[in-house]
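The residues making up each chain are set out below.
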Amino acid sequence: MSKTKLIVLALIAVLVAAFILVGGPDVLTLENLKQNQAQLEAWIADNLLLAVSLYALVYVASTALSLPGATVLTLAGGAFLGNLVGLLTVSVASTIGASLAFLVARFLLRDTLKRKYGKTIRRIDEGIEKDGAFYLATLRLVPVFPFFLINLAMGLTGMKLRTYALVSWLGMLPATFVFVNAGTQLAQVDSMGDILSTDLLLSLALLGLFPLIAKFVVGFIRRRRAYRGFQKPDAFDYNLLVIGGGSAGLVSAYIGAAVKAKVALIERDRMGGDCLNTGCVPSKALIRSAKAADTLRHADRYGLDAVPVSGNFAHIMGRVKRIIAKIEPHDSPERYRGLGVDVIEGSASFVSPWEVDVTRNDGRRERLSARSIVIATGGKPFVPPIPGLSTMDPLTSENLWDLQEQPERLLVMGGGPIGCELSQAFARLGSRVVQIEAGERILAKEDDEVAELVQAQFQREGIDLRTGHKAVEFTEENGERIAWCDHHGERVRIPFDRVLVAVGRAGNTDGLNLEALGIEPRGNGTVPVEEDLSVGFPNVFACGDVAGPFQFTHAAAHQAWYAAVNGLFGQFRRFRVDYRVLSWVTFTSPEVARVGLSEMDAREQGIDYEVTRYGLDDLDRAIAEDEDNGFIKVLTVPGKDRILGAVVVGAHGGEILAEFTLAMKHGIGLNKILGTIHPYPTWNESAKFAAGQWKQAHAPQGVLAWLERFHRWRLGGDQTGQSRRTQDRSVT
């Protein structure tokens, strides 16, 4: 804690102690107030201005320091100052005091909480910014809630001071009036029960509902305004209509069918979307072939003769196609029709928030309506508008799989997960790969040491990795393709045969006619979604790559649950999408698997953390398989075993990470991982050993020192730990 905070804390402690020592709790009582009423009234009559000033100052101090007696002071305001002056003085003084308590709590505690619970505080702040004024007004209007607790709790949020002061002033007025008015009849008040009757409390509670009712009314008006100009159908064809048959769309449709809703799924191309046809499945199949080539090329690691690897690239791509075909039935129209989903092969265009025009692939057109519509149209590779690039017939993760001849010289643009995975795969299959990245390192979302380990592996495998290189122009010279890059002001020439563009993805909204709904996509093509994944209208949702912010198949499936459930049951309850425990894997060799915070994230968010590190070069199974390159790094709350994040860099990293993901999801700490039996020798033992590293670093040294003394004592003999028998033997 800073010196300034310590001074403020000490000052508060001194003032509170002084209040207790001078008998403040005994002075600020109803009995004492009534006993001294006559004397106080006489003095105030002669010194009204001074009395009002002193009274206001005492009230501000009492509220700011959260001292008991605010109720008695409010009664005193009515008894001695009357209804009008008393109400004005109390309302202003209580608001100033509450604001000071609010600021003190913020100054002393908010930074600490942000460091320890950054994500939670951010979510609270987002909610406070959106609806905080309504909830604060409700708390203020119901005097059952202790006002000093409200002051302290709100100080820990990101609410603006002026909002807090204004809402507090308005919210406290009704109860303030009740107590000030009661003070004008002080002689008839024998206890607080005479003021806060059951009927009065009920009335104030009902009044406290007003802000929430107002919030509902505002939301209702906002919804009506959003739908202005559209005619809602009297009846609907479907409960849920899903546009897009990729990962997000398939899960949305599946959930709808599972709860017996009438569901339609519209897909204009191939079911399964990018993941099945151009993304996860084909890339992992290619990576597996590349790994096999690398194993053969380095068979001497396993005591075998290394062999030169040569292959038919067309056969490799044929294997990729066969694997896609083998998985394809999982996402086929036939399967989903069997589940009760109306699968429509065609494209959809919005007419209203409830209606779309559908053009089937066979040319037929129709208009369909649904109570809720889910946009799940996925994404597409982003090809930057660099001069000359379009004339190079660029490869992307979308058209790469039609390639039948392996490029001898492949230029890969992009140092993200897709660019890294494909760079290594093609290098292992025999291409000479140059990978360029505009930033100063690859895998920019990971910690430096993670990127450095992968980068070192790439360089060992012969990948020409060039960071800080930004492509600015593509030309052709004497039949040879040339990429020109800017490298810290220097123009660099890179010849190549084919270029693979992997610099990001953009949301796919082509042909949806979103302008008819007044929905404007962001610069990267994704649509702006609320926390419940709605888009502009309470019944229109988006999920998957078209919604962002994560471009993962499992993230799309996760979002799809929220979109489908909110679309079908949102009139009863709406769920906010939860990304707290989202993991991902970059399938390079070594793999990079992460969940939760990285060190870079924690530093940027100001969150305190401890790091536990375990090297895979210590793991028996990794050593046996000659895959002992990598490490596990776990971030925990300082002094505790609660996991904030974990990264596994090494072979089978994705599988090892699952244990940490499960632990984070269900609040399981490293102690329980350590106490779980893991079979030997397995890769997942590494999770237990990482937990053991944490335990070793947090061993109770004081207890261990006493145990050492205890065991020495049990040996007998002197304090050196030697027994008499040992001493005798040494003498003889």
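Numbering of residues starts from 1 in every chain and runs along the sequence as written. Only residues with pLDDT of at least 70 get local features here, since the model is predicted, and only at 80 or more are side-chain atom pairs given and counted; chain-wide, interface and lining totals rely on the full set of residues. Hydrogens and water are ignored here; the side-chain numbers use all heavy atoms of the structure.

## Quick notes on the pairing of strand 1 (residues 238-243)
And then number 1: Think of it in three bands: with a 1.4 Å probe and only protein chains considered, a residue is buried below 20% of the maximum accessible area for its type, exposed above 50%, and partly exposed in between. Here a strand is any run of E in DSSP of at least two residues, a helix any run of H or I of at least four, and the numbering for each starts at the N terminus. Burial analysis of strand 1 places five of its six residues in the buried class, the great majority of the element.
And then number 2: Inspection of the sheet shows strand 1 paired to strand 5 (residues 365-375) by five bridges, in the parallel sense. Following the sheet pairing, Val-242 is matched in strand 5 by Val-374.
And then number 3: With the strands pointing away from the viewer, any crossover whose connection runs clockwise from the first strand over the helix to the second is right-handed. Following the backbone out of strand 1, through helix 12 (residues 247-258) and into the adjacent parallel strand 2 (residues 263-267), one traces a crossover that is right-handed. Whether two strands pair depends on DSSP finding at least two bridges between them.

## Re the sheet that holds strand 11 (residues 480-487)
Whether parallel or antiparallel, the strands of a sheet pair through hydrogen bonds between backbone atoms.
And then number 1: Pairing is antiparallel in the open sheet, where three strands are placed in the order 10-11-12. The open sheet has two free edges, formed respectively by strand 10 (470-477) and strand 12 (490-496), since each of these has just one partner strand. Each neighbouring strand pair of the sheet contributes to a mean axis angle of 25°, computed without reference to strand direction. Interaxial angles span 0 to 180 degrees and are taken between N-to-C directions of axes, which are lines fitted to C-alpha atoms, for helices over the stretch in contact.

## Brief notes about the sheet that holds strand 20 (residues 631-636)
And then number 1: Overall, antiparallel pairing links the five strands, which are arranged 17-18-21-20-19 in an open sheet. At either margin of the open sheet sits one strand with a lone partner, and together these are strand 17 (583-586) and strand 19 (610-615). When the angles between neighbouring strand axes are averaged without regard to direction, this sheet yields 10°.
And then number 2: Relative to strand 21 (residues 643-650), strand 18 (residues 591-596) runs antiparallel, the two sharing six bridges. Residue pairing in the sheet places Gly-596 in a bridge with Gly-645 of strand 21.

## A short note on the side chain of Asp-545
And then number 1: Structurally, Asp-545 is set in the loop between strand 16 (537-542) and helix 19 (553-569).
And then number 2: A relative accessible area of 13% means that Asp-545 is categorised as buried.

## Things to note about the side chain of Asn-566
And then number 1: By secondary structure assignment, the location of Asn-566 is in helix 19.
And then number 2: Each polar contact in these results corresponds to two N or O atoms within 3.5 Å; when the atoms are within protein, one needs to be able to donate a hydrogen and the other to accept it, and residues that are neighboring in sequence are counted only if both atoms are side-chain atoms. Here the side chain of Asn-566 touches Asp-532 through a polar contact of 3.1 Å, landing on its backbone oxygen.
And then number 3: Any two residues whose heavy atoms approach within 4.5 Å at even a single point are treated as in contact. Those residues in contact with Asn-566 that sit more than four places away from it in its chain are Asp-532, Phe-541, Arg-573, Arg-574 and Phe-575.

## Quick notes on a negative patch on the surface
And then number 1: Exposure above 30% relative accessible area and the lack of any salt bridge qualify a residue for a patch; like charges then connect within 9 Å, and the nonpolar side chains Val, Leu, Ile, Met, Phe, Trp and Tyr within 5 Å. A 1.4 Å probe and the Shrake-Rupley method give the accessible areas. Residues count as covered only by the protein chains that appear here. Think of a salt bridge as a Lys or Arg side-chain nitrogen and an Asp or Glu carboxyl oxygen that are within 4 Å of each other. Counted as positive: Lys and Arg. Counted as negative: Asp and Glu. His and the chain ends are not counted at all. Charged side chains are reduced to one point each, which is NZ for Lys, CZ for Arg, CG for Asp and CD for Glu. Side chains of Asp-617, Asp-618, Asp-620, Asp-626 and Asp-628 sit close together on the surface and give a patch of like negative charge.
And then number 2: Mapping Asp-620 onto the fold places it in helix 21 (residues 620-624).
And then number 3: Residue Asp-620 is classed as partly exposed on the basis of its relative accessible area, which comes to 37%.

## Some words on the pairing of strand 8 (residues 432-437)
On a regular strand, one side chain projects to one face of the sheet and the next to the other, so that they alternate.
And then number 1: In terms of burial, strand 8 is a largely internal element, five of the six residues being buried.
And then number 2: Where strand 7 (residues 409-413) and strand 8 come together, five bridges link them in parallel fashion. Looking at the pairing, Leu-411 lines up with Val-434 of strand 8.
And then number 3: As a crossover connection, the stretch from strand 7 through helix 17 (residues 417-428) into strand 8 is right-handed.
And then number 4: Bridge count between strand 8 and strand 9 (residues 464-467): four bridges; the pairing is parallel. Paired with Ile-436 across the two strands is Arg-466, which belongs to strand 9.

## A look at the packing of aromatic side chains
And then number 1: The pairing test for Phe, Tyr and Trp rings, Trp by its six-membered ring, is centres within 6.5 Å, and the orientation test on the planes gives stacked under 30 degrees, edge-to-face over 60, and tilted for anything in between. Scanning all chains against the criterion turns up 14 aromatic pairs.
And then number 2: Relative to Phe-426, the ring of Phe-313 lies with its centre 5.9 Å away and its plane at 40°, an arrangement referred to as tilted. With Phe-313 in helix 15 (residues 313-327) and Phe-426 in helix 17, this residue pair connects regions lying 113 residues apart in the sequence.
And then number 3: When its relative accessible area of 5% is taken as the criterion, Phe-313 is described as buried.
And then number 4: By relative accessible area, which is 0% here, Phe-426 ends up buried.

## A look at the nonpolar core
And then number 1: Note on terminology: a nonpolar core comprises buried Ala, Val, Leu, Ile, Met, Phe, Trp, Tyr and Cys residues joined through side-chain atoms within 4.5 Å. Formed by 39 residues in total, the largest nonpolar core has its most connected members in Leu-286 and Ile-442.
And then number 2: Top contributing element to this core by residue count: helix 14 (residues 280-297), with six residues.
And then number 3: Leave out the neighbours within four places in its chain, and Leu-286 touches Ile-316, Met-317, Val-320, Trp-401, Leu-422, Ala-425, Phe-426 and Leu-429.

## Topic: the packing of helix 4 (residues 37-46) against helix 5 (residues 48-64)
Packed helices, taken two at a time, are described by their axes: the angle between them and the distance between them.
And then number 1: At their nearest, the axes of helix 4 and helix 5 sit 5 Å apart, and the two run at 115° to each other. On the side of helix 4, the interface is formed by Trp-43, Ile-44 and Asp-46, while helix 5 contributes Leu-48, Leu-50, Ala-51 and Leu-54.
And then number 2: As a working rule, the residues Ala, Val, Leu, Ile, Met, Phe, Trp, Tyr, Cys and Pro are called nonpolar, Asp, Glu, Lys and Arg charged, and the rest polar, with Gly in that last group. Considering only residue class, the contact of helix 4 with helix 5 consists of six nonpolar, no polar and one charged.

## Notes on the pattern of salt bridges
And then number 1: On inspection of all chains with the given rule, the structure shows 33 salt bridges.
And then number 2: In this structure, the salt-bridge partner of Glu-421 is Lys-284, at a minimum N-O distance of 3.3 Å. Here Glu-421 is found in helix 17, whereas its partner Lys-284 is found in helix 14, with 137 residues between them in sequence.
And then number 3: In this structure Glu-421 comes out as buried when scored by relative accessible area, which is 9%.
And then number 4: Residue Arg-428 pairs with Asp-294 through a salt bridge whose shortest N-O separation is 3.7 Å.

## Notes on unusual backbone geometry
Negative phi values dominate among residues other than glycine, just as trans dominates among peptide bonds.
And then number 1: Along the chain, Gly-548 connects to Pro-549 via a cis peptide bond; the corresponding omega equals -5°.
And then number 2: Inspection of the secondary structure assignment puts Pro-549 in the loop between strand 16 and helix 19.
And then number 3: Look at the link from Ser-589 to Pro-590: it is a cis peptide, with omega at 5°.
And then number 4: Inspection of the secondary structure puts Pro-590 in the loop between strand 17 and strand 18.
And then number 5: Positive phi, close to 50°, is recorded for Asp-393, a residue that is not glycine.
And then number 6: Tracing the sequence through the fold places Asp-393 in the loop between strand 6 (379-381) and strand 7.
And then number 7: The phi dihedral of Leu-443 is positive, around 50°, even though this residue is not glycine.
And then number 8: Tracing the chain through its elements places Leu-443 in the loop between strand 8 and helix 18 (448-460).
And then number 9: You can call Leu-443 buried: its relative accessible area is 4%.

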